[in-house]
Amino acid sequence: MKQYKIALIKGDGIGPEIIDEAVKVLDAVASCCDMEFSYQEALMGGCAYDITGDPLPQETIQIALSSDAVLFGAIGGEKWDNLPREKRPESGLLRFRKELGVYANLRPAVVYDELINASSLKPEVVKGVDLMVVRELIGGIYFGEPKGRDENKGWNTMVYTRPEIVRIAHTAFKIAMERDKKVCSIDKANVLDVSQLWREVVEEVAKEYPEVKLSHMYVDNAAMQLIRDPKQFDVMLTGNIFGDILSDEASMLSGSIGLLPSASVGAKIGVYEPIHGSAPDIAGQGIANPIATISSASMMLRYALGEIAAADKIDAAIKRALSEGYRTQDLAQYDAKEVCSTSEMGSIIANYVAKCKH
Ligand code: NAD
């Protein structure tokens, strides 16, 4: 029997609620796929600050590094918003990604046919959307120096080096080779020097993937095109801040931010997490949608553990729950036959995983 060590970082807000449901589904998959998971919990975010004074205790990094993969909930909340920047939950998360070296964030945006009416766009515009945002995660303006502020001025710096662009471009082209072989690189090369370098380097890397069709788009146009005709995209390659914004925009194509998973990879240990935050406005009410996190667990099986059949089982179970009309509160007005709680949705999906034959 295969055994895997999973680090669980539940975090703040709805984090613990959604991770518990992903664990329920992983346990269901383990019992029917001849594998076993051992979980070790680690603290990060506001809860870590409250207990240890640090949003990213060293122990958390050690636990992550000694595991096969990290399943992460979400961090943050108003309670910690006024702390000095390095003590804030978000700083812990940025530091965590940097320490692990996970430079590539993969964010698929898929529109489920069952939820075609949940999108704010017309069904004919979103039906069949299946794109992947490949976002650079540990460089760019979120990390560039110098940065700072005084009373009257605040400043950050967008920096990318050639090696940083080369490695994320390779990630995007390799993923495109497994998909429809199209990469659209998003930048602001008409204004930013850093984007001019980005474009040049992406062109160079593209030569190694002659089968992949490369196009370039300015980020403002990309934001518009995602709404106008999202089906034109296969892989969208972006830097950190542009990817952050575009992937949230892409999430609304699918109807709810509560549906979309992500994988942060590129180093030995990958981090698998929903794209949404800690949703303090709904925390503790049992109404959060756990599907993004369950789907992240499926990405973990697929990309970190190579357990493709098990990942397929989870994806099929999610689809079945949706096609049978189960909806959490966020999607309640879209063809719901039954509105269920966070925990009920987790149990329904776990149950379908256990029954799934293929
Ligand atoms: P958010 O993603 O937490 O919430 C935005 C909106 O989407 C809210 O109305 C929320 O209720 C809803 N939502 C989010 N996830 C949902 C789910 N699973 N089911 C149903 N509805 C869901 O973003 P925000 O409100 O801008 O940020 C809240 C906190 O989360 C902040 O402290 C922010 O810094 C933090 N944050 C953390 C991460 C992370 O941990 N990776 C990412 C983004 C934001």
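Remember, predicted model here, so these are calculated numbers, not experimental data.

Asks: Lay out the overall build of the chain in plain terms, naming residues and giving numbers.
Replies: Across its full length, the chain holds 12 helices and 14 strands. Taken over C-alpha atoms, the radius of gyration comes to 20 Å for the chain, in line with the 21 Å a tight globule of 358 residues would show. Within the chain, the proportion of its 358 residues that are buried is 54%. In the chain, 75% of the contacts between residues at least 6 apart in sequence involve partners at least 24 apart. If you sum the accessible surface of the chain, you get close to 15200 Å²; carbon and sulfur atoms cover 51% of it.

Asks: With reference to specific residues and values, describe the packing of aromatic side chains.
Replies: Counted under the stated rule, the structure contains 4 aromatic pairs. A ring pair is formed by Phe173 and Tyr209, whose centres lie 5.1 Å apart and whose planes are at 10 degrees; its orientation type is stacked. In this pair, Phe173 sits in helix H6 (residues 162-177) while Tyr209 sits in the loop between helix H7 (193-206) and strand E9 (213-218), placing the two residues 36 residues apart along the sequence. Taking relative accessible area as the criterion, Phe173 reaches 0% and is therefore assigned buried. An aromatic cluster is present here, built from Tyr4, Phe37 and Tyr39 joined pairwise through their rings.

Asks: Quick rundown of the site of the ligand? Include the residues and the values.
Replies: Taken together, 21 residues sit near the ligand, with Ile75, Glu90, Gly277, Ala279 and Asp281 positioned nearest. At 2.4 Å, a side-chain N or O of Glu90 approaches an oxygen atom of the ligand. Backbone polar atom of Gly277 to an oxygen atom of the ligand: 2.7 Å apart, as the coordinates give it. Within the complex, 68% of the 810 Å² of free accessible area of the ligand lies under protein. Taken together, the elements giving at least two residues each to the shell around the ligand come down to strand E3 (69-74) and helix H4 (89-100).

Asks: Give me the lowdown on helix H8 (residues 219-228), citing residues and values where you can.
Replies: Listed in full, the buried residues belonging to H8 are Val219, Ala222, Gln225 and Leu226. Axial view of H8: buried residues confined to an arc of 110 degrees, hence all on one face. Here the buried face of H8 lies against strand E5 (130-136), strand E8 (182-187), E9, strand E10 (235-238) and helix H9 (240-251).

Asks: Give a description of the sheet that holds strand E2 (residues 35-41) that names residues and reports values.
Replies: Strand order in the open sheet formed by 10 strands is E2-E1-E3-E12-E11-E4-E5-E10-E8-E9, with mixed pairing between adjacent strands. Here the strands that pair on one side only, and so sit at the sheet edges, are E2 and E9. Pairwise comparison of adjacent strand axes, ignoring direction, gives a mean angle of 25 degrees for this sheet. Pairing of E5 with E10, which is carried by 4 bridges, proceeds in the parallel orientation. Each bridged residue has a counterpart across the sheet, and for Val134 the counterpart in E10 is Leu237. Contacts between H8 and the sheet are confined to E5, E8, E9 and E10, with E9 contributing the most and set at about 105 degrees to the helix. Set on the sheet, H9 makes contact with strand E4 (104-110), E5, E8 and E10; between it and E5 the angle comes to about 155 degrees.

Asks: Lay out the side chain of Lys10 with the relevant residues and their values.
Replies: As for its placement among the helices and strands, Lys10 is situated in strand E1 (residues 2-11). With a relative accessible area of 17%, Lys10 lands in the buried category. Sequence-distant contacts of Lys10, that is, excluding residues within four places in its chain, are made with Gly15, Pro16, Ile19, Asp20, Glu41, Ala42, Gly73 and Ala74.

Asks: Describe the domain arrangement of the chain, and please don't skip the residues or the numbers.
Replies: The figure often quoted for interface size is the accessible area lost as the parts come together. Here the chain is described as being made up of domain 1 (1-112 + 256-358) and domain 2 (120-254). A separation of 24 Å is found between the C-alpha centroids of domain 1 and domain 2. Taken together, the 22 residues of domain 1 in the interface contact 26 residues of domain 2. A combined buried area of about 2200 Å² lies between domain 1 and domain 2, and 62% of that area is made up of carbon and sulfur atoms. Per-residue buried area on domain 1 facing domain 2 is highest for Tyr103, Arg107 and Val111; these three make up 32% of the total on that side. Remark: the boundary between domain 1 and domain 2 carries 1 salt bridge. The salt bridge partner of Asp248 is Arg107, with a shortest N-O separation of 3.8 Å. Where domain 1 touches domain 2, the interface holds 7 residue pairs in polar contact (both at pLDDT 80 or more).

Asks: Summarise the packing of H8 against H9; cite the residues concerned and give the values.
Replies: Interaxial distance between H8 and H9 falls to 10 Å at its minimum, and their mutual angle equals 10 degrees. As far as their axial angle goes, H9 and H8 are roughly parallel. On H9, the residues touching Val219, Ala222, Ala223, Leu226 and Ile227 of H8 are Phe242, Leu246, Glu249 and Ala250. Tallied by class, residues from the contact of H8 with H9 come to 8 nonpolar, no polar and 1 charged.

Each value, and the rule that gives it
Residues numbered from 1 in each chain as written. Predicted model: local features only at pLDDT ≥ 70, side-chain atom pairs only at ≥ 80, totals over all residues. Heavy atoms only, no water. Helix = DSSP H or I, 4+ residues; strand = E, 2+ residues; numbered from the N terminus. Rg over C-alpha atoms; globule rule 2.2 N^0.38 Å. Buried < 20%, exposed > 50% of the residue type's maximum accessible area, 1.4 Å probe, protein only. Contact = heavy atoms within 4.5 Å. Areas by Shrake-Rupley, 256 points an atom, 1.4 Å probe, with all protein chains shown as cover. Phe/Tyr/Trp six-rings, centres within 6.5 Å; stacked < 30°, edge-to-face > 60°. Near = heavy atom within 4 Å. Polar contact = N/O pair within 3.5 Å; in protein donor to acceptor, adjacent residues only side chain to side chain. Arc of directions from axis to C-beta. Pairing = 2+ DSSP bridges. Axes fitted to C-alpha atoms, helices over the stretch in contact; angles between N-to-C directions. Domains from an automatic or database assignment. Buried area = accessible area lost by both parts, 1.4 Å probe. Salt bridge = Lys/Arg side-chain N within 4 Å of Asp/Glu carboxyl O. Parallel < 35°, antiparallel > 145°, perpendicular 65-115°, else oblique. Nonpolar A, V, L, I, M, F, W, Y, C, P; charged D, E, K, R; others polar.

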